[in-house]
Amino acid sequence: MEPKERSTDKAAQEMIGHMAEAGQQNAWDRLEAQSPQCGFGKQGICCRICTMGPCRISKKTPVGICGADADTIAARNLLRMIASGAAAHSDHGRDVAHTFKMALESDNGDYMVKDELKLREVAARYGIKVEGRQTKEIASDLADAALSEFGKQEGTLVSAAAYPPLARQKVWQEFGVTPRSIDREIVEIMHRTHMGVGSDYKNLIKQGIRASLADGWGGSLIATELSDILFGSPWPIRFGANLGVLDEKQVNIIVHGHEPTLSDIIVAVSQEPELMKMAEEKGAKGINIAGICCTANEILMRHGIPVAGNFLQQELAMMTGVVEIMLVDVQCIMPALGSLSNCFHTKLITTSPKCKIAGAEHIEFEEDRAAEIARQIVKLAIENFANRNGKAKIPKVMERGIAGFTTENIFYHLGGRFRGSYRPLNDGIISGRLRGAAGVVGCNNPKQVHDYGHLTMIKELIKNDVLVVSTGCSAIAAGKAGLMRPEAAAKYCGKGLHEVCETVGIPPVLHVGSCVDNSRILTILANVVAEGGLGDDISDLPVAGAAPEWMSEKAVSIGMYFVASGVYTVIAEPLPVLGAPNLTRYLTDEIERDVGGKWAFERDPIKAAEMMIQHIESKRDALGINKETERKLYDMADRRALSIE
Ligand code: SF4
Ligand code: MSK
């Protein structure tokens, strides 16, 4: 297969060609080697939960040995994907909460509270007294409150009652899916899907919904909010993206994975004069930190650190031959990096006790020695600069853009300098200049042409005046394609969105962060509802979600919490449920009556975008804002009246 058939990204194409010439395998090659893939697995109708099996469902064998049918088996498999995805996000949240607590107890100053305003806002939501109290006291109470959300035995998640609209909370209460605590919902999935527990697919899915809500409005939200407080809330910031950000003349360190705890401190120490001097003494012009996947997004959002690429570019980045260290933490790290690193001077370094990789060196990260360990790693990279072997190959491909949007700062951008408010966004939607908004998120998957799904869908949406917010590898794809430049509005947007972007000075695609930061999209939606004029619930809003190239279990949890929050969610690769007709019908149709959102599967990104736009228009119809009205020009008196409302 030609590189062009594998990726739309010019840098990726060049490196895929280079890998082929060098006789190295990558994910696309391994997909070909794995094809044709198992049809039972694809359709979700293979069960290996007990050793009477494995059982496969077919016309000849419509039930497994225990009598479980296709719907039960596929529902159980799906639930276990949600459990894993929710666990990954939430464990990330737990780690940030631990670091947060440790930072308050330690005197070494490696970490400290960087956003006091957010600390006070979040603490107040948790019912913690803030007036007249010191930062440290409030932060300590918040750390304890956040940590107790994971394992508490009584009540419900604080954030599930503090953030979503009341109407949404009522839907969850009536349907019986209000999340209680984070770990509990994940454990209960594992219990309910054990051999011989539940077999009613709808009742199984209910627990999947509850665990996913504990992820989105719980574990992920905790990860986002405590990261903002501890590492600083993002603010719009310029960045460069694609493999061209690597620099042959500098020591290159790539950080890859998801958690910001180590990468944030690596960024800080890499600017220390002593280390810069050491790099120069070794013949390098400097120390260049770049990111891959969501670790990239974390440090991009807060420090403007360049992004080398998204998920399918991790092997390609190593192939450049100029990476001294690839430093990984957890999630989305291909085991293939272990053997590939052996072909280069590149050191693959794992840092989490949860993630060791064959062929990698392990330097365990300890939060209470964060700066010391970060310095040790940067020094190793500097030492390794002299060991480069073979010819460097860095594609000269790089784009620029603006990232760093959050629930709080979109507020100021949309409201303008003097009137921070979601009002202009809601008014823009009500007037029809903006048709609505879409979240386009998620991974890459070699089953789709790399980045094609993200870019084609996003361009179609913004052409039709739908504002796009993006996270994860989708956001990186948009950044690499120049869609996060404010100027992209003139080139790609419909008239209404173009006007809005120009007036406010934002790009048409807003980078709101990493995978756990999908929680920012939830809180943005809650704010839009609270602003008024667009219904009482998230399910009333003219919005839709999509993951055009998803691959990970985390994406299933994310998709489910968006659906369960009332959002129509279109994904490319279908959920592995197609062999279970009742379950498929439930997830793509009937579930809407229970939670207000539903799933759709569509591989063609243009068709998928059309489905999203159609959904947005149907919500506009239901809100009664699709009537032909004359555009009202506001004078000062009108504006004052609006502010008072
Ligand atoms: Fe087969 Fe039932 Fe065991 Fe699954 S739980 S492997 S369907 S016997
Ligand atoms: S990194 S989960 S490939 S978005 Fe968050 Fe990218 Fe998907 Fe990993």
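So, how was this worked out
Residues numbered from 1 in each chain as written. Chains lettered and ligands numbered in written order. Predicted model: local features only at pLDDT ≥ 70, side-chain atom pairs only at ≥ 80, totals over all residues. Heavy atoms only, no water. Helix = DSSP H or I, 4+ residues; strand = E, 2+ residues; numbered from the N terminus. Polar contact = N/O pair within 3.5 Å; in protein donor to acceptor, adjacent residues only side chain to side chain. Contact = heavy atoms within 4.5 Å. Pairing = 2+ DSSP bridges. Axes fitted to C-alpha atoms, helices over the stretch in contact; angles between N-to-C directions. Parallel < 35°, antiparallel > 145°, perpendicular 65-115°, else oblique. Nonpolar A, V, L, I, M, F, W, Y, C, P; charged D, E, K, R; others polar. Left-handed = near helix turned anticlockwise from the far one by under 90°. Buried < 20%, exposed > 50% of the residue type's maximum accessible area, 1.4 Å probe, protein only. Arc of directions from axis to C-beta. Right-handed = clockwise from strand over helix to strand, strands pointing away. Domains from an automatic or database assignment. Salt bridge = Lys/Arg side-chain N within 4 Å of Asp/Glu carboxyl O. Near = heavy atom within 4 Å.

1. Details of the side chain of Thr 135
Consideration 1: Mapping Thr 135 onto the fold places it in helix 7 (residues 135-151).
Consideration 2: There is a polar contact of 2.8 Å between the side chain of Thr 135 and the side chain of Glu 116.
Consideration 3: Once residues within four sequence positions are removed from consideration, Thr 135 is found in contact with Val 113, Glu 116, Leu 119 and Arg 120.

2. Some thoughts on the sheet that holds strand 15 (residues 568-571)
Consideration 1: Read across the sheet, six strands follow the order 13-12-11-14-15-16 without closing on themselves; strand pairing throughout is parallel. Looking at strand neighbours, the two that pair on one side only are strand 13 (509-511) and strand 16 (599-601), the edges of this open sheet. Going across the sheet, the axis of each strand differs from the next one's by a mean of 25 degrees, ignoring polarity.
Consideration 2: For strand 11 (residues 436-440) and strand 14 (residues 543-547), the ladder comprises four bridges, and the chain directions are parallel. Residue Ala 437 lies in a different strand from strand 14, and its bridge partner there is Val 543.
Consideration 3: Its contacts with the sheet place helix 27 (residues 605-623) against strand 11, strand 12 (466-470), strand 14, strand 15 and strand 16, and it is angled at close to 160 degrees to strand 14.

3. Description of the packing of helix 11 (residues 201-231) against helix 25 (residues 553-564)
Consideration 1: Interaxial distance between helix 11 and helix 25 falls to 8 Å at its minimum, and their mutual angle equals 100 degrees. Classified by the angle their axes make, helix 11 and helix 25 are roughly perpendicular. Each of Ile 205, Gly 208, Ile 209, Ser 212, Leu 213, Asp 215 and Gly 216 in helix 11 lies in contact with helix 25, whose residues at this interface are Ser 557, Met 560, Tyr 561 and Ala 564.
Consideration 2: Of the residues that constitute the contact of helix 11 with helix 25, the class distribution is six nonpolar, four polar and one charged.

4. Focus: the packing of helix 12 (residues 260-269) against helix 17 (residues 370-384)
Consideration 1: In contact at an axis separation of 9 Å, helix 12 and helix 17 are set at 65 degrees when each is read in the N-to-C sense. When the axis of helix 12 is compared with that of helix 17, the two are roughly perpendicular. Two packed elements cross with a definite hand, and for helix 12 against helix 17 that hand is right-handed. Every residue of helix 17 that contacts helix 12 at Leu 262, Ile 265, Ile 266 and Val 269 is listed here: Ala 370, Ala 371, Ala 374, Arg 375, Ile 377 and Val 378.
Consideration 2: Within the contact of helix 12 with helix 17, the residues separate by chemical class into nine nonpolar, no polar and one charged.

5. Considering helix 23 (residues 495-504)
Consideration 1: Along helix 23, the residues that are buried comprise Gly 496, Leu 497, Val 500 and Cys 501. Looking straight down helix 23, one finds its buried side chains confined to an arc of 130 degrees; they lie on one side. Among the exposed residues of helix 23, those oriented more than 90 degrees off its buried face are Lys 495, Glu 502 and Thr 503.
Consideration 2: Residues of helix 23 that are buried make contact with helix 20 (452-463), strand 12 and helix 22 (488-492).
Consideration 3: Where helix 23 terminates, the next one or two residues include Gly 505, which has phi positive at roughly 80 degrees.

6. Section: the pairing of strand 5 (residues 287-292)
Consideration 1: The buried fraction of strand 5 is high, at six of six residues.
Consideration 2: Residues of strand 5 alternate between two faces, with Ile 287, Ile 289 and Gly 291 on one and Asn 288, Ala 290 and Ile 292 on the opposite face, all of them buried.
Consideration 3: For strand 4 (residues 251-257) and strand 5, the ladder comprises six bridges, and the chain directions are parallel. What sits directly across from Ile 254, in strand 5, is Ala 290.
Consideration 4: In this sheet, strand 6 (residues 307-309) lies alongside strand 5 in parallel orientation, the contact comprising two bridges. Bridge pairing links Gly 291 to Val 307 in strand 6.
Consideration 5: With helix 14 (residues 293-303) bridging strand 5 and its parallel neighbour strand 6, the resulting β-α-β unit is right-handed.

7. Brief notes about the domain arrangement of the chain
Consideration 1: Assigned domains of the chain: these are domain 1 (3-56), domain 2 (70-231), domain 3 (243-387) and domain 4 (402-623).
Consideration 2: For domain 1 versus domain 3, the separation of C-alpha centres amounts to 26 Å.
Consideration 3: At the interface, 14 residues of domain 1 touch eleven residues of domain 3.
Consideration 4: Summed over the shared surface of domain 1 and domain 3, the number is one salt bridge.
Consideration 5: For Glu 315, the salt bridge is made with Arg 30, and the minimal N-O distance between the two is 3.0 Å.
Consideration 6: Across the contact surface, domain 1 and domain 3 share three residue pairs in polar contact (both at pLDDT 80 or more).
Consideration 7: Where the side of domain 1 that touches domain 3 is concerned, the elements lending two or more residues are helix 2 (10-21) and helix 3 (27-34).
Consideration 8: The class makeup of the residues in the side of domain 1 that touches domain 3 is eight nonpolar, four polar and two charged.

8. What to know about the site of ligand 2
Consideration 1: Neighbouring ligand 2 are the residues His 258, Cys 293, Cys 294, Phe 311, Cys 332, Gly 442, Cys 443, Cys 473, Cys 515, Met 551, Ser 552 and Lys 554.
Consideration 2: Class assignment of the residues belonging to the shell around ligand 2 gives a composition of eight nonpolar, three polar and one charged.
Consideration 3: Both domain 3 (243-387) and domain 4 (402-623) contribute no fewer than three residues apiece to the shell around ligand 2.

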